[in-house]
Amino acid sequence: MSSHRAVTLGLAGTGRIGSAHAETLRKLPNVATVLVADADAARARTTATDLGVEFASDLDALFAADLDGLIIATATDAHPELIIRAVDAGIPVFCEKPVAADITGTLAVIVHLRTSPVPVQIGFQRRFDAGYRAAREAIRSGRLGWLHTLRATTLDPAPPPAEYIARSGGIFRDCGVHDFDIIRWVTGREITSVYALGANRGASFFAEADDVDTAAVLLRLDDGTVATVSLTRYNGAGYDVRLEALGSKGNAIVGLDDRTPLTSVEPDHSPSPYPPYAGFMERFRPAYADELAAFIEVATGQLDNPCPPVDALEAFYVAEACELSRRESRAVEVAEVRR
């Protein structure tokens, strides 16, 4: 496919992330048409009208179009079927994480893809964030020396609705998986063991869904480096996502700027006049745009896939190990959950 030919892209799912993707896609160069569909046809029609993109009455109509690529932003349980349907039709895919709701479903998709040349890119937008990319370069160049500690945080300011939590797969699979993926990506190392704790001090619907609203994870990497991951749905100060890479020669901190919701109580400190980010869509807006631009290059054969499903599986294994650790109150080797 010529790099100069404008592409036609389908988008399945017009919820919050799907609508944001549609708005981003229509602004990208070399995109001729964005066609949206949703199980809720009225919602898809409203999104199409509001954003000035095309409307497909259902998924069959979406697949009947001459698509150069498909973006999947539906509920997780629809991901496997849509990935396989698109790949079998020869349509490159961008799919929001996860590939499937569990390891078995993820492996089934990966097995199906082994004999297909059609690319499937999974949406881990932090890989496209300028800060995380700078940290990766600093670590891999040796500028920080050897790493002694990694500290990652994903602290949401307020919880999502109860119905979302019930279908989310839990805090490690839904939220912490981004930290597990980015730790692997910036270091080039594998996570070998975990010890995870969880707590519920907020709304009762977390416990009712057999989930936790706050968690802490201790990780060991395959070179012996120690890492921690802190997660919560209740960070009242604001949205706080950081990675601290601390080495024998220096450090690199991602997410530390005038909008980081940290309050110093030192007497000579002047607080920042800038508000914290409202949430992940605002914090990572440039990264979301860059990953979709990359997908167009993947779909048109100009770029190798920057995030294949096997990478999503590795992060999912770590999340699964964390859930097992939390339930059994013990350290878990990631190898225990591999299949």
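Small disclaimer: the values here were computed from a predicted structure and weren't measured.

> So what's going on with the pattern of salt bridges? Which residues, and what values?
If charged atoms from side chains of opposite charge come close, those side chains can pair. Taken as a whole and assessed by the stated rule, the structure comprises 26 salt bridges. Across the pair arginine 233 and aspartate 156 runs a salt bridge, and its minimum N-O distance is 3.5 Å. Of the two residues, arginine 233 sits in the loop between strand 10 (226-232) and strand 11 (240-247) while aspartate 156 sits in the loop between strand 7 (147-155) and helix 7 (162-167), which places them 77 residues apart along the sequence. Note on arginine 233: relative accessible area 3%, which makes it buried. Connected through shared salt-bridge partners, Lys97, Asp156, Asp174 and Arg233 make up one network.

> Account for the nonpolar core, naming residues and giving values.
Counting 83 residues, the largest nonpolar core has Ile83, Phe172, Phe180, Ile183, Ile191, Val194 and Leu219 as the members making the most contacts within it. Apart from residues no more than four positions distant in its own chain, isoleucine 183 is found in contact with Leu150, Ala152, Ile191, Leu219, Leu221, Ala227, Val229 and Leu243. One finds Leu9, Leu11, Val31 and Val53 within the second-largest nonpolar core, a separate group that totals 18 residues.

> Got a sec to walk through unusual backbone geometry? Specific residues and values, please.
Each neighbour pair has its own omega, and for lysine 97 with proline 98 the value is -5°, a cis peptide bond. Along the chain, the position of proline 98 falls in the loop between strand 5 (93-96) and helix 5 (103-113). You will see that serine 329, though not glycine, has its phi angle at about 50°, which is positive. As for its position among the elements, serine 329 is in the loop between helix 12 (309-328) and strand 13 (332-333).

> Please set out the sheet that holds strand 5 residue by residue, giving values where relevant.
Here we have six strands laid out as an open sheet, ordered 3-2-1-4-5-6, and parallel in their pairing. Only two strands of the sheet have a single neighbouring strand rather than two, namely strand 3 (54-55) and strand 6 (120-123). Of the pairings in the sheet, the one linking strand 1 (residues 7-12) to strand 2 (residues 31-37) comprises six bridges and is parallel in character. Within the sheet, the bridge partner assigned to valine 7 lies in strand 2 and is valine 31. Across the sheet, helix 1 (residues 16-25) lies against strand 1, strand 2, strand 4 (69-72) and strand 5, angled at about 170° from strand 1, the strand it touches most.

> Describe the pairing of strand 2, and please don't skip the residues or the numbers.
Among the seven residues that make up strand 2, five are buried, leaving the element largely enclosed by the rest of the structure. Once the chain exits strand 1 it traverses helix 1 before rejoining the sheet at strand 2, and the crossover so formed is right-handed. Note: strand 2 against strand 3, two bridges, orientation parallel. By the bridge assignment, leucine 35 is partnered in strand 3 with glutamate 54. The handedness of the strand 2 to strand 3 crossover, carried by helix 2 (residues 41-51), is right-handed.

> I'd like a rundown of the packing of helix 6 (residues 130-140) against helix 8 (residues 171-187), residues and numbers included.
Describing two packed helices takes the angle between their axes plus the distance from one axis to the other. Packing of helix 6 against helix 8 leaves a shortest axis separation of 8 Å and a crossing angle of 45°. Regarding the angle of helix 6 to helix 8, the classification is oblique. Where helix 6 abuts helix 8, its residues Tyr132, Arg133, Arg136, Ile139 and Arg140 lie against Ile182, Arg184, Trp185, Val186 and Thr187. Partitioning the contact of helix 6 with helix 8 into residue classes produces five nonpolar, one polar and four charged.

> Report on empty space enclosed by the protein, specifying residues and quantitative values.
Taken as a whole and assessed by the stated rule, the structure comprises one cavity of 30 Å³ or more. Of the pockets and cavities examined, the largest cavity occupies roughly 70 Å³. Lining the largest cavity are Lys97, Pro98, Val99, Phe124, Arg173, Val177, Ala312, Phe316 and Ala319. Elements with a minimum of two residues in the lining of the largest cavity: helix 8 and helix 12. The biggest single contributor to the lining of the largest cavity is helix 12, with three residues. Residue classes in the lining of the largest cavity are distributed as seven nonpolar, no polar and two charged.

> Account for the UniProt feature "domain: Gfo/Idh/MocA-like oxidoreductase N-terminal" (unreviewed entry) in the chain, with residues named and values stated.
Feature annotation in UniProt places "domain: Gfo/Idh/MocA-like oxidoreductase N-terminal" (unreviewed entry) on residues 9-124, given in this structure's numbering. For residues 9-124, helix accounts for 41% and strand for 22%, while the C-alpha atoms at its two ends are 19 Å apart.

What counts as what
- Residues numbered from 1 in each chain as written.
- Predicted model: local features only at pLDDT ≥ 70, side-chain atom pairs only at ≥ 80, totals over all residues.
- Heavy atoms only, no water.
- Salt bridge = Lys/Arg side-chain N within 4 Å of Asp/Glu carboxyl O.
- Helix = DSSP H or I, 4+ residues; strand = E, 2+ residues; numbered from the N terminus.
- Buried < 20%, exposed > 50% of the residue type's maximum accessible area, 1.4 Å probe, protein only.
- Core = buried A, V, L, I, M, F, W, Y, C linked by side-chain atoms within 4.5 Å.
- Contact = heavy atoms within 4.5 Å.
- Pairing = 2+ DSSP bridges.
- Axes fitted to C-alpha atoms, helices over the stretch in contact; angles between N-to-C directions.
- Right-handed = clockwise from strand over helix to strand, strands pointing away.
- Parallel < 35°, antiparallel > 145°, perpendicular 65-115°, else oblique.
- Nonpolar A, V, L, I, M, F, W, Y, C, P; charged D, E, K, R; others polar.
- 1 Å grid on protein atoms, 1.4 Å probe; cavity = no way out; pocket = protein on both sides within 12 Å on 5 of 7 lines; lining within 4 Å.
- Points joined across faces, edges and corners; volume = space filled by probe spheres on them.
- UniProt positions renumbered as here; feature names shortened; annotations may be inferred.

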